[in-house]
2 protein chains.
Amino acid sequence: MSATQHTAPSGHEGADASQVYGRCFDAVVIGGGVIGLASAWQASKRGLAVAVVDPDPGHGASWAAAGMLAPVTEAHYGEEALLHLSLASARLWGAFAEELEADTGSDIGYRRCGTMLVAFDDDDRMAARQLYEFQLKLGLQVRWVSGREAREMEPNLAPGIRGALWAPNDHQVRTRHLVRALLDACQESEVAFVPERAVALEAPGGRLSAVRLASGIRLTCGAAVLAAGSWSRSVDGLPELAQVPLRPVKGVILRLAPAPLTASATPETEPPPLLTRTVRGMVQGSHVYLVPRADGSIVLGATSEERGFDTTVSVGALHDLIRLARRLVPGVTEMVLADATAGLRPATADNGPVIAAMGGDSGAEGLVLAFGHYRNGILLTPITASAVSAWLCGDPAPDEVSAFGPSRFCAPGSPGLPADGVR
Amino acid sequence: MSATQHTAPSGHEGADASQVYGRCFDAVVIGGGVIGLASAWQASKRGLAVAVVDPDPGHGASWAAAGMLAPVTEAHYGEEALLHLSLASARLWGAFAEELEADTGSDIGYRRCGTMLVAFDDDDRMAARQLYEFQLKLGLQVRWVSGREAREMEPNLAPGIRGALWAPNDHQVRTRHLVRALLDACQESEVAFVPERAVALEAPGGRLSAVRLASGIRLTCGAAVLAAGSWSRSVDGLPELAQVPLRPVKGVILRLAPAPLTASATPETEPPPLLTRTVRGMVQGSHVYLVPRADGSIVLGATSEERGFDTTVSVGALHDLIRLARRLVPGVTEMVLADATAGLRPATADNGPVIAAMGGDSGAEGLVLAFGHYRNGILLTPITASAVSAWLCGDPAPDEVSAFGPSRFCAPGSPGLPADGVR
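Conventions and cut-offs
Residues numbered from 1 in each chain as written. Chains lettered and ligands numbered in written order. Predicted model: local features only at pLDDT ≥ 70, side-chain atom pairs only at ≥ 80, totals over all residues. Heavy atoms only, no water. Helix = DSSP H or I, 4+ residues; strand = E, 2+ residues; numbered from the N terminus. Buried < 20%, exposed > 50% of the residue type's maximum accessible area, 1.4 Å probe, protein only. Contact = heavy atoms within 4.5 Å. Areas by Shrake-Rupley, 256 points an atom, 1.4 Å probe, with all protein chains shown as cover. Least-squares fit on C-alpha atoms with pLDDT ≥ 70 in both. Pairing = 2+ DSSP bridges. Axes fitted to C-alpha atoms, helices over the stretch in contact; angles between N-to-C directions. Phe/Tyr/Trp six-rings, centres within 6.5 Å; stacked < 30°, edge-to-face > 60°. Core = buried A, V, L, I, M, F, W, Y, C linked by side-chain atoms within 4.5 Å. Buried area = accessible area lost by both parts, 1.4 Å probe. Salt bridge = Lys/Arg side-chain N within 4 Å of Asp/Glu carboxyl O. Nonpolar A, V, L, I, M, F, W, Y, C, P; charged D, E, K, R; others polar.

Caption draft 1: Inspection of the overall build of chain A at higher detail. Each helix and strand counted, chain A has 9 helices and 18 strands in total. Seen along its three principal axes, the alpha-carbon backbone of chain A occupies a region of about 65 × 55 × 40 Å. Expressed as a percentage of the 423 residues in chain A, the buried residues total 58%. Excluding contacts between residues fewer than 6 apart, the proportion of contacts in chain A whose partners are at least 24 apart in sequence is 74%. In the form shown here, chain A has an accessible surface area of approximately 16,300 Å², with 50% of it arising from carbon and sulfur atoms.

Okay, here's the thing in structure tokens:
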């Protein structure tokens, strides 16, 4: 039992079996997270008959994610290809959000708030400055601000902070609103939901023809999309090329609500929100982030724990997150714990996703790979969905995804393989 | 929204209105916490027709309580009358648990585990030693143990602890099991549950005759028991004598589950529980307790917060509890947060409960007061229920309750009143 109270999206379970199991789908999407749902929605809008197979759509890593759309402050040394992919996807986000909101009539909380990366002490400042130099070299839009200036922008930052990176184009989206909207959008564009677990791919003669479910039932299809996050390797019948190194990295995040108003408070005296921009902190070498929503709540994250498929929230994780957040923004102490959730980031050996269409020589032509998005699943949703739906329709995908095929893990000396290239 | 996941006791709502609202009850109990439920159960077993009025029985402070039955380690300077009441109730606990378990066939987890009061640093040791001297003077069964001996008894205590009080007769009960058993016992002895809020007492001519509900309906009755914890003052028509100083003191407690076993662990290698006895800590002047259940889980508490009727769980409360617990028992870090709940302890001006039958001169003859149990509600349940049910049947109550009438708050210089006695 976790401390989580799920507000389950409703109305997406219990697809009528007779309507689903007898049909032949153009595409079966395995995994109902943001990647799978967005791909299904877009493919369906392009006229394909699509099914999403997931025992509990929307409740994997997507449900836990904070929703930072932060290519700049997530930029890491040696991950330039990923940066270009992330920037490309960030550019798609505005139109993606607009289309989704127009299709569903819902507000997904896409907020152009910018992100501040705050250095807590002098060592943190040094690390942040190095990142800043790296970002400047890459031509990213980022500015260094002094501690004083940072506190003028966000007065609830701790007095002692040493400075901050200001990335005005690193935005956010309310992840659970996004998930619900994608479920609605799929529903409205007649994507079929199959509330089961996919256990195997069938590709007789090297051409994908069906997805087998845990119940034993086969869904026949012209193509399949593997978008099951950390569970993507657990499907049998994967071609060798698709068996890339993949592991779950647990992240715990907390949702904090504003402190309840006292009896004497009136609407006129309601306090301003604690933060107005996303604040990421480097605090004595550790990382923490606070993502402020428009309603005054804050998403506080996240741990990085290598504990297999365990999704419990440990006392230590809670303690670490709160301790770091309090140092950076002391006022969080007064906020109320609304929810604690753990999700599993699907991590590959080089932290980049696998986005690729399997060709005729793979042994599973018609299989599309879209998993391993690690920390960047929400950010990379538009470009991944765009690539997946393009491939399913026989169109070319955006250039930026070309670096993210699975073959990069096969070459001698590649990430995840011993230096001598022996598998 | 709190982080709480209630496992609601079921089957106690929805009493058939026609069966309840037309009847005249011998006693209407206002408040379905442990005090009200135990009183109703025992009165019903003695042949009275009893109703319990509570919109959500069992889910107030009782649901949050840790269940320590600890008269010795709860002994405070200047509260000797309360100590005698507590010791008397502790002596009743074994038979009370036995009867309740026999009546319901359920296990309420009454565990004769003893309690250790651990001193973390030298200052804490000094405070604990003073309490020890006080306890010895009172003739309580308690022994001082060295830090080494304490760690031999409980090997997961922090290495640096300075010593401990060992109170072998301070036991525990699983509060939520107790609550469910009391609900069942009431159900089986045909106590009527009225899922509403009581708003007023009616006592025309100075004799209680009815309890008015929020819906406007009147429950006619020969007697009423006011056992609504922190809400006991919110009922209209209270006689002046019953209007004692009363305030809610918020306590946050966490329920921790053992860390999930790894794949390699077999039943043979299952780790022993972190603790086997209740451990209370004095940690740099702050208090914390860990109550180990038989299933390896631990109840960790508790904050003391003066915030009115607010029952949210703040980030600061979580942080403080976890920080203190980690100092005392570092291994809790690995445990899993299963639940975080806040309850409101009903506190009077002298920390003692109000347990009394109103006489003919009070203006509400037939009213029994049983509220204000503050930190000791679970411990004091047997003696309170025994007194209440005796009064309802016209029998004498145990001697120890005689010091806990409401008139103690009326005398000049009494607790809760200015020194000059002006009200």
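Don't stop here, the text continues.
Caption draft 2: Layout of the relation of the copies chain A and chain B. With an axial shift of 0.0 Å and an RMSD of 0.0 Å, the rotation relating chain A to chain B amounts to 180°. Taken together, the turn and the small shift mark the pair as related by a two-fold rotation axis. Comparing interface residues between copies, 100% of those in chain A also sit at the interface in chain B, which points to an isologous, same-surface contact.

Caption draft 3: Structural view of the sheet that holds strand β16 (residues 336-347) of chain B. Residue and element names in this part refer to chain B. Across the sheet, which stays open at both edges, the 8 strands sit in the order β5-β6-β4-β13-β14-β15-β12-β16 with mixed pairing between neighbours. Either end of the sheet is taken by a strand with one partner, and the two such strands are β5 (143-145) and β16. Across the sheet, the axes of successive neighbouring strands diverge by a mean angle of 20°, strand direction being ignored. Sheet topology places strand β4 (residues 115-119) next to strand β13 (residues 278-283); 5 bridges connect them, and they run parallel. In the strand pairing of β13, leucine 117 is matched with arginine 280.

Caption draft 4: Structural context of the packing of aromatic side chains. Taken as a whole and judged by the stated rule, the model has 12 aromatic pairs over all chains. Between the aromatic rings of tryptophan 93 of chain A and phenylalanine 96 of chain A, the centroid separation amounts to 5.1 Å while the plane-to-plane angle is 70°, which identifies the pairing as edge-to-face. Here phenylalanine 96 of chain A and tryptophan 93 of chain A lie together in helix α4 (residues 80-104), a separation of 3 residues that amounts to about one turn. Seen from their ring centres, tryptophan 41 of chain B and phenylalanine 96 of chain B are 5.7 Å apart, and the 80° between their planes marks the pair as edge-to-face. Here tryptophan 41 of chain B, found in helix α2 (residues 34-45), pairs with phenylalanine 96 of chain B, found in helix α4 (residues 80-104); they are 55 residues apart in sequence, far enough to count as distant. Phenylalanine 96 of chain B carries the same exposure label as tryptophan 41 of chain B, and that label is buried. Put simply, the rings of Trp41, Trp93, Phe96 and Tyr110 of chain A pair up and form one aromatic cluster.

Caption draft 5: Local environment of the nonpolar core. Judged by nonpolar contacts, the single largest core of 74 residues is most densely connected at Leu254 and Leu290 of chain A together with Leu254 and Leu290 of chain B. When sequence neighbours within four positions are dropped, the list of residues in contact with leucine 254 of chain A reads Ile298, Val299, Leu300, Leu318, Leu321, Ile322, Leu337, Asp339 and Ala340 of chain A. Judged by nonpolar contacts, the second largest core, of 41 residues, contains Leu100, Leu178, Ala181 and Val388 of chain B.

Caption draft 6: Focus on the environment of serine 215 of chain A. The residue serine 215 of chain A is located in the loop between β10 (210-213) and β11 (218-226) in this model. Remark: the alpha-carbon pair of serine 215 of chain A and valine 199 of chain A, spanning 16 residues in sequence, is separated by 9.1 Å.

Caption draft 7: A look at the interface of chain A and chain B. At the interface, 27 residues of chain A touch 27 residues of chain B. Taking both sides of the interface into account, the surface hidden between chain A and chain B amounts to around 2,500 Å²; carbon and sulfur atoms contribute 63%. The partner of arginine 307 of chain A in a salt bridge is glutamate 334 of chain B, and the shortest N-O contact between them spans 3.6 Å. Elements supplying a minimum of two residues to the side of chain A that touches chain B: α8 (315-328) and β16 (336-348) of chain A. Examining the composition of the side of chain A that touches chain B, we find that 8 residues originate from one element, α8 of chain A, more than from any other. The residue inventory of the side of chain A that touches chain B, partitioned by class, reads 13 nonpolar, 8 polar and 6 charged.

Caption draft 8: Here's a closer look at the pattern of salt bridges. All names here are of chain A. The tally for this structure, following the rule as stated, stands at 38 salt bridges over all chains. A salt bridge links arginine 277 to glutamate 154; the nearest nitrogen and oxygen atoms lie 2.9 Å apart. Of this pair, arginine 277 sits in the loop between β12 (246-257) and β13 (278-283) while glutamate 154 sits in the loop between α6 (147-153) and β6 (163-167), placing them 123 residues apart in sequence.

Caption draft 9: The arrangement of the pairing of strand β18 (residues 367-371) of chain A in detail. Residues and elements named next belong to chain A. Most of β18 is tucked away: 5 of the 5 residues are buried. Residues Leu367, Leu369 and Phe371 line one face of β18 and the alternating positions Val368 and Ala370 line the opposite face, and both faces are buried. The pairing of β11 with β18 spans 3 bridges and is classified as parallel. Within β18, the residue paired with leucine 226 across the bridge is leucine 369. As paired elements, strand β17 (residues 354-357) and β18 share 4 bridges and run antiparallel to each other. If you follow alanine 357 over to β18, its bridge partner there is valine 368.

Caption draft 10: Looking closely at the pairing of strand β14 (residues 286-292) of chain A. All names here are of chain A. When you tally the buried positions in β14, you get 5 out of 7 residues, the bulk of the element. Two elements, β13 and β14, share 5 bridges in a ladder whose sense is antiparallel. What sits directly across from valine 279, in β14, is leucine 290. Connecting β13 to the next strand, β14, in antiparallel fashion are 2 residues, including glutamine 284 with a positive phi near 50°. Where β14 and strand β15 (residues 298-301) come together, 4 bridges link them in antiparallel fashion. Note that in β15 the partner of valine 291 across the bridge is valine 299.

Taken by themselves, the reported measurements are silent on function.
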